[in-house]
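Secondary and tertiary structure notes
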Amino acid sequence: MVTHEGKRMTANGTTTIDRYAFGITRAKGMTGRHLKIIFESSHTAEPIVVLSGAWSAGQ
């Protein structure tokens with residue numbers, strides 16, 4: 001899911017991976033067969049100022 005509010009953008013997602021489906025069968029006692037991965041990222045955009053053909057992030 002991706003949402004935004006003003007200059008802030010947030011993306012997040014969740015998935016479950018079956019290690020065996022990818023051929024990863026070693027280290028059985030190290031982790032379970034199914035791995036749940038949770039991803040969350042947030043970013044605030046900074047304005048880009050153009051000066052004589054060059055660009056600079058910030059003010």
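Just so it is clear, the structure is predicted and the values come from calculations on it, not from any experiment.

**Section: the sheet that holds strand 2 (residues 8-18)**
Reading across the sheet, the 3 strands line up as 1-2-3 and stay open at both edges, with antiparallel pairing between neighbours. Every other strand in the sheet has two partners, leaving strand 1 (2-5) and strand 3 (34-44) as the edge strands with one partner each. Each strand of the sheet is rotated relative to its neighbour by a mean of 10°, with strand direction disregarded.

**Thoughts on the environment of Leu35**
The residue Leu35 is located in strand 3 in this model. Ignoring any residue separated from it by four or fewer positions in sequence, one finds Leu35 in contact with Thr15, Thr16, Ile17 and Arg19.

Rules used throughout
- In every chain, residue numbers begin from 1 and rise along the written sequence.
- Only residues with pLDDT of at least 70 are given local features in this predicted model, and only at 80 or more are side-chain atom pairs given and counted; all residues enter the totals for whole chains, interfaces and linings.
- Heavy atoms throughout the structure, all of them, feed into the side-chain values; hydrogens and water do not.
- A strand pair is defined by DSSP finding two or more bridges across the two strands.
- The numbering of helices and of strands both runs from the N terminus, where a helix is a DSSP run of H or I of at least 4 residues and a strand a run of E of at least 2.
- Think of each axis as a best-fit line through the C-alpha atoms, taken over the contacting stretch in the case of a helix, with angles from 0 to 180 degrees between the N-to-C directions.
- The contact criterion used throughout is that any non-hydrogen atoms of two residues lie within 4.5 Å.

These figures come from the coordinates and say nothing about function on their own.
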